[in-house]
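Notes for the structure review
This is what each chain is made of:
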Amino acid sequence: MNVVCGLDVHKDSIFACVMKENGEKTVQEYGTLTPELERLRDWLVEESVEAVAMESTSVYWKPVWRILSSDFHMVLVNPYFIKQLPGRKTDVKDAEWIATTLIKDLLKESFVPDEIQSSLRKYERMLFRLNRLIVQEESLLDNELQECNIRLSNYVSDVGGKSYRKVVRLIIEGESRAEVLVKEIHRRTVNKHGADVLIAALSGFITGENRQVIRMAFERIQLLERQREECLMRMREISEQHYARQKERLQTIPGISSQSAAQILAEAGCDMKTFATASALVGWAGLRPRNEMSAKKVKGRKITHGNRFLRIILVQCAWAASRTSGSRFNLKYHLLSKRMSSQKALVAIARKLLVVIWNVLAKEESYKPNEYENKHMKQGKVMS
């Protein structure tokens, strides 16, 4: 007899409903500490459970998955697809509903990466958060300088650049004379705006408290940058050890660098059997446009929800690919940007890139330029 279990997972509690084919149900509540999860596993073994389903609730499902996956067939489900019926608002009813949909084979399993890919993804997503925090801290640092009426960011292209950093270091050390600070700025910037303008921009009113706040912000940025380098190093080690061939093939695609290839593998993996077609991968990434139509009127064609981390990486790669001279993506971007906004054109290029990525990984072949690209690469022609 087929026996399944539905789990309603929370931060501090888990409601488990064991259901048999004849409709017989048993519900028990467990805690989320490791001894409680082991008791849950033992109970499910006693009940001869074959499959266990649960929602992907925040990160709370991960410890449960690790403990149960060695003994049962695990099914992870997007909550959006099983919370369609109203009136099921208690924890017990949630667990019963999950078990009911599982035993009737109505659930669509979510993609769960293996242990190696999970490790790579952990560093990749930490890299994403660190980059965001660095930008925030640089903004806070510049706000503090603006409060001191030091307007250097008005004239340099990057607040994380060398000239800006050199000036900040001198200010932290106690220097406040604009004539001294301007010497740390790159000559090209001085020639562009004029020494007098930059001296005026560096003439401010810096108190001891301002200097301390600037120092603390600068130290936080340096700490975050060291952690970012550690993440990049670990990503390189894991990808070179386990995904060297796939990474090398991905880098043959215009716009994809070594780091981008590692990030793509962290999110999508290298085994395309998970995604039956390129269209399935595009939909999972959230790059497939909606087709909302009513009374023969188009209501909206925005892209769907999906893996936002993969989507961000692909749009960045699309930006690079659209500027790769002689590539098909360069030509396609210029054709698309004539009839839509540049942002929409980039999303379209990102979708095309993902289709190419699926084919490269599924067929285990490097990217093959078409006749147009071969012709332009031989001629060295640069497209405008």
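Structure report, in brief. None of these values were measured; they are calculated from a predicted model. (Residues numbered from 1 in each chain as written. Predicted model: local features only at pLDDT ≥ 70, side-chain atom pairs only at ≥ 80, totals over all residues. Heavy atoms only, no water.)

Digging into the overall build of the protein chain
What counts, and what does not: In this text, helices come from DSSP runs of H or I with a minimum length of four residues, and strands from runs of E with a minimum of two, each type numbered from the N-terminal end. Radius of gyration here is computed from C-alpha atoms only, and the compact-globule reference equals 2.2 Å multiplied by the residue count raised to the power 0.38. Each residue is placed in one exposure class: buried if its accessible area under a 1.4 Å probe, protein chains only, is under 20% of its type's maximum, exposed if it is over 50%, and partly exposed if it falls in between. Contacts were defined at the residue level, with two residues in contact if any of their heavy atoms lie within 4.5 Å. Note on areas: Shrake-Rupley with a 1.4 Å probe; residue coverage comes only from the protein chains shown.
From N to C terminus, the protein chain includes 16 helices and seven strands. Relative to the compact-globule value of 21 Å for 384 residues, the protein chain shows a C-alpha radius of gyration of 27 Å, a clear excess of over 25%. Overall size of the protein chain, expressed as C-alpha extent along the three principal axes, is 85 × 60 × 50 Å. When the 384 residues of the protein chain are sorted by exposure, 41% land in the buried category. Taking as baseline every contact in the protein chain between residues at least 6 positions apart, the subset at least 24 positions apart corresponds to 59%. Of the roughly 21700 Å² of accessible surface on the protein chain, a fraction of 50% belongs to carbon and sulfur atoms.

Considerations on helix 12 (residues 278-285)
Among all positions of helix 12, only Ala278, Leu281, Val282, Gly283 and Ala285 are buried. The inward-facing, buried residues of helix 12 abut helix 11 (258-268), helix 13 (308-321) and helix 15 (342-363).

Let's talk about helix 2 (residues 61-68)
Along helix 2, the residues classified as buried are Trp61, Val64, Trp65, Ile67 and Leu68. If you follow the buried residues of helix 2, they end up packed against strand 1 (3-9), strand 2 (13-20), helix 1 (34-46), strand 4 (51-55) and strand 5 (73-77).

So, the side chain of arginine 165
For clarity, the threshold we go by: Contacts described as polar in this section are N or O atom pairs within 3.5 Å, which, within protein, must combine one atom able to donate a hydrogen with one able to accept it, while residues neighboring in sequence count only if both atoms come from side chains.
One can find arginine 165 in helix 5 (residues 162-173). Since its relative accessible area comes to 10%, arginine 165 is described here as buried. Here glutamate 138 takes part through its side chain, which lies 3.2 Å from a polar atom of the side chain of arginine 165. Within polar-contact distance, the side chain of arginine 165 engages the side chain of glutamate 225 at 2.7 Å. Once residues lying within four places of it in the same chain are set aside, the contact partners of arginine 165 are Glu138, Val159, Gly160, Phe218, Ile221 and Glu225.

Focus on the packing of helix 11 against helix 13
Helix packing for two helices is described by the angle between their axes and how far apart those axes are. Defined as follows: Axes here mean lines fitted to C-alpha atoms, for a helix over just the part in contact, with angles spanning 0 to 180 degrees between N-to-C directions. Small angles under 35 degrees read as roughly parallel and large ones over 145 as roughly antiparallel, with 65 to 115 read as roughly perpendicular and the rest as oblique. Two helices that cross are described as forming a left-handed crossing if the nearer one is turned anticlockwise from the farther one by less than a right angle, and a right-handed crossing if clockwise.
Where helix 11 meets helix 13, the axes come as close as 9 Å, and the angle between the chain directions of the two elements is 150°. Comparing the axis directions of helix 11 and helix 13 gives the class roughly antiparallel. In this structure, helix 11 crosses over helix 13, and the sense of that crossing is left-handed. Where helix 11 abuts helix 13, its residues Ser260, Gln263, Ile264, Glu267 and Ala268 lie against Phe309, Leu310, Ile313, Leu314 and Cys317.

Considering the sheet that holds strand 5
The condition is simple: Criterion used throughout: strands pair if DSSP finds at least two bridges between them.
Taken in spatial order, the five strands of this open sheet run 3-2-1-4-5, and their pairing is mixed. Either end of the sheet is taken by a strand with one partner, and the two such strands are strand 3 (25-31) and strand 5. Strand-to-strand, the axes of this sheet are offset by a mean angle of 20°, without reference to chain direction. One ladder, built from five bridges, connects strand 4 with strand 5; its direction is parallel.

As for the nonpolar core
Just so we agree on the cut-off: Definition used in this section: a nonpolar core is a set of buried Ala, Val, Leu, Ile, Met, Phe, Trp, Tyr and Cys residues joined via side-chain atoms within 4.5 Å.
By size, the foremost hydrophobic cluster in this structure holds 48 residues, and its most contacted members are Leu250, Ile253, Ile264 and Ile357. Breaking this core down by element, the ones donating at least two residues are helix 4 (115-147), helix 9 (208-242), helix 11, helix 12, helix 13, helix 14 (328-336) and helix 15. Looking at this core element by element, the count peaks at eleven residues for helix 15. The residues contacting leucine 250, other than those within four sequence positions of it, are Ile256, Ala261, Ile264, Leu265, Ile357, Val360 and Leu361.

So, the side chain of arginine 211
Using the following cut-off: The charge count treats Lys and Arg as positive and Asp and Glu as negative. His and the chain ends do not count. For this analysis, a salt bridge means a side-chain nitrogen from Lys or Arg found within 4 Å of a carboxyl oxygen belonging to Asp or Glu.
Inspection of the secondary structure assignment puts arginine 211 in helix 9. Buried and unpaired, arginine 211 has glutamate 175 as its nearest opposite-charge partner, separated by 7.8 Å.

Examining the environment of tyrosine 123
Counting through the fold element by element, tyrosine 123 comes out in helix 4. With relative accessibility at 26%, the residue tyrosine 123 sits in the partly exposed group. In this structure the C-alpha to C-alpha distance between tyrosine 123 and arginine 234, which are 111 residues apart in sequence, comes to 7.3 Å. Discounting residues that sit within four places of it in the chain, tyrosine 123 has contacts with Cys231, Arg234, Met235 and Ile238.

Let's talk about the environment of alanine 217
For alanine 217, the position within the fold is in helix 9. When the C-alpha atoms of alanine 217 and serine 139 are compared, they prove to be 9.7 Å apart, with 78 residues separating the residues in sequence. In contact with alanine 217, other than residues within four places in its own chain, are Glu137 and Leu141.

Interpretation note: all reported values are geometric properties and have no functional meaning in isolation.
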